[in-house]
Amino acid sequence: HLADFPPGARVLDIGCGCGKNLSTLVQKGVHATGIDPDPTAIEYCRHLGLAADVGRAEALPAADESIDGCLLDQVIQFTDVPAAVREVQRVLKPCGTALIATAGAGYALYTAIERSGIGRLFGLRMLANALVFRLFTRRLPGWLGDTLALSASHLASLVRASGLEIETMAEGRRFGAMSTFVYVKARKAARLENNAVAMLVAPSIDQPTTCAE
């Protein structure tokens, strides 16, 4: 939920498109910048007076640990997912928050069955890429591989592999026993400030570090 980003927070809206979420964040007092690979979308955001830059999720134009929050709303399924979540982890400050929403296999199945023409092809591509990505961590070549469906468990494993901690996870309504959408809130662990603190927590070092709200 966008309310997880408080006023004054520095947030990247990754895959901002024409700025719908970006506008909402700015109206809430968030220092938000949009990132999108489409120059036309970025030009439109700037026309609206929004801060936006051309960029990709896999190579975010931000310094290490410089961002309070990252938003990826129906975007990560179009990216190199492991690279994108690693970049999110890199740019987030300790205790920074990432909100990720993505289409699940239920949505892809619904689209493949209930739609026709291009819509059906889109759903079939998502399902095919979900299988290939799960088995080989790659997609089909070219335009066939431009999107995929992600299960909650698979997305969670990729987020954790980047070094982020899952705080909450929710799934949308189901179609064919599969989730239509997956929603993840993840957080970067707090930094241990000095060696003395590290020594104190050494016996339970495998426990996640908590962040004060």
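See the structure shown above.
About the cut-offs
- Residues numbered from 1 in each chain as written.
- Predicted model: local features only at pLDDT ≥ 70, side-chain atom pairs only at ≥ 80, totals over all residues.
- Heavy atoms only, no water.
- Core = buried A, V, L, I, M, F, W, Y, C linked by side-chain atoms within 4.5 Å.
- Buried < 20%, exposed > 50% of the residue type's maximum accessible area, 1.4 Å probe, protein only.
- Helix = DSSP H or I, 4+ residues; strand = E, 2+ residues; numbered from the N terminus.
- Contact = heavy atoms within 4.5 Å.
- Phe/Tyr/Trp six-rings, centres within 6.5 Å; stacked < 30°, edge-to-face > 60°.
- Pairing = 2+ DSSP bridges.
- Right-handed = clockwise from strand over helix to strand, strands pointing away.
- Salt bridge = Lys/Arg side-chain N within 4 Å of Asp/Glu carboxyl O.

1. What about the nonpolar core?
Phase 1: In this structure, Leu-12, Cys-70 and Ile-76 are the most contacted members of the largest nonpolar core, which totals 30 residues.
Phase 2: Of all elements in the fold, only strand 1 (10-14), strand 4 (67-73), helix 3 (81-91), strand 5 (92-103), helix 6 (152-161) and strand 9 (181-187) reach the threshold of two or more residues within this core.
Phase 3: Looking at which element gives the most residues to this core, the answer is helix 3, with five residues.
Phase 4: Here Ile-76 is in contact with Val-81, Ala-84, Val-85, Ile-100, Thr-102, Arg-139, Leu-150 and Leu-155, once residues within four sequence places are set aside.

2. A word on the packing of aromatic side chains
Phase 1: Per the counting criterion, the structure on display carries two aromatic pairs.
Phase 2: Here Tyr-107 and Phe-181 contribute two aromatic rings whose centre-to-centre distance is 5.3 Å and whose plane-to-plane angle is 40 degrees, an arrangement assigned as tilted. Here Tyr-107 is found in helix 4 (residues 105-114), whereas its partner Phe-181 is found in strand 9, with 74 residues between them in sequence.
Phase 3: We classify Tyr-107 as partly exposed; its relative accessible area is 22%.
Phase 4: Taking the relative accessible area as the measure of exposure, Phe-181 reaches 24% and is therefore partly exposed.
Phase 5: Centre to centre, the rings of Tyr-110 and Phe-175 are 5.4 Å apart; their planes meet at 85 degrees, and the pair counts as edge-to-face. Remark: Phe-175 occurs in strand 7 (residues 174-175) and Tyr-110 occurs in helix 4; sequence separation between them is 65 residues.
Phase 6: The exposure class assigned to Tyr-110 is partly exposed, which follows from its relative accessible area of 30%.

3. Concerning the environment of Val-26
Phase 1: The residue Val-26 is located in helix 1 (residues 20-27) in this model.
Phase 2: The class of Val-26 is partly exposed, set by a relative accessible area of 39%.
Phase 3: Residues Val-26 and Ser-151, 125 residues apart in the sequence, show an inter-C-alpha distance of 31 Å.
Phase 4: Ignoring anything within four residues of it in the chain, the contact list for Val-26 reads Ala-32 and Leu-50.

4. Some remarks on the pairing of strand 5
Phase 1: Here strand 5 lies mainly inside the structure; nine of its 12 residues are buried.
Phase 2: Bridging between strand 4 and strand 5 involves six bridges; their strand directions are parallel. In the strand pairing of strand 5, Leu-72 is matched with Ile-100.
Phase 3: Crossover strand 4 to strand 5 through helix 3 is right-handed.

5. A short note on the environment of Asp-38
Phase 1: Looking at the secondary structure, you find Asp-38 in the loop between strand 2 (31-36) and helix 2 (39-47).
Phase 2: The partly exposed category is assigned to Asp-38, whose relative accessible area is 36%.
Phase 3: Sequence spacing of Asp-38 and Gly-17 is 21 residues, and the spatial spacing of their C-alpha atoms is 7.7 Å.

6. Observations concerning the pattern of salt bridges
Phase 1: According to the stated counting rule, one finds 12 salt bridges in the structure shown.
Phase 2: Its salt-bridge partner being Glu-167, residue Arg-187 comes within 2.7 Å of it at the nearest N-O pair. Taken as a pair, Arg-187 in strand 9 and Glu-167 in strand 6 (residues 165-171) lie far apart in primary sequence, 20 residues in all.
Phase 3: Looking at Arg-187, the relative accessible area reads 9%, which means it is buried.
Phase 4: The class for Glu-167 is partly exposed, based on a relative accessible area of 35%.

7. What to know about the pairing of strand 9
Phase 1: Taking burial as the measure, the seven residues of strand 9 include five buried ones, the bulk of the element.
Phase 2: Relative to strand 9, strand 6 is paired through six bridges, and the arrangement is antiparallel. Bridge pairing in strand 9 places Glu-171 opposite Val-182.

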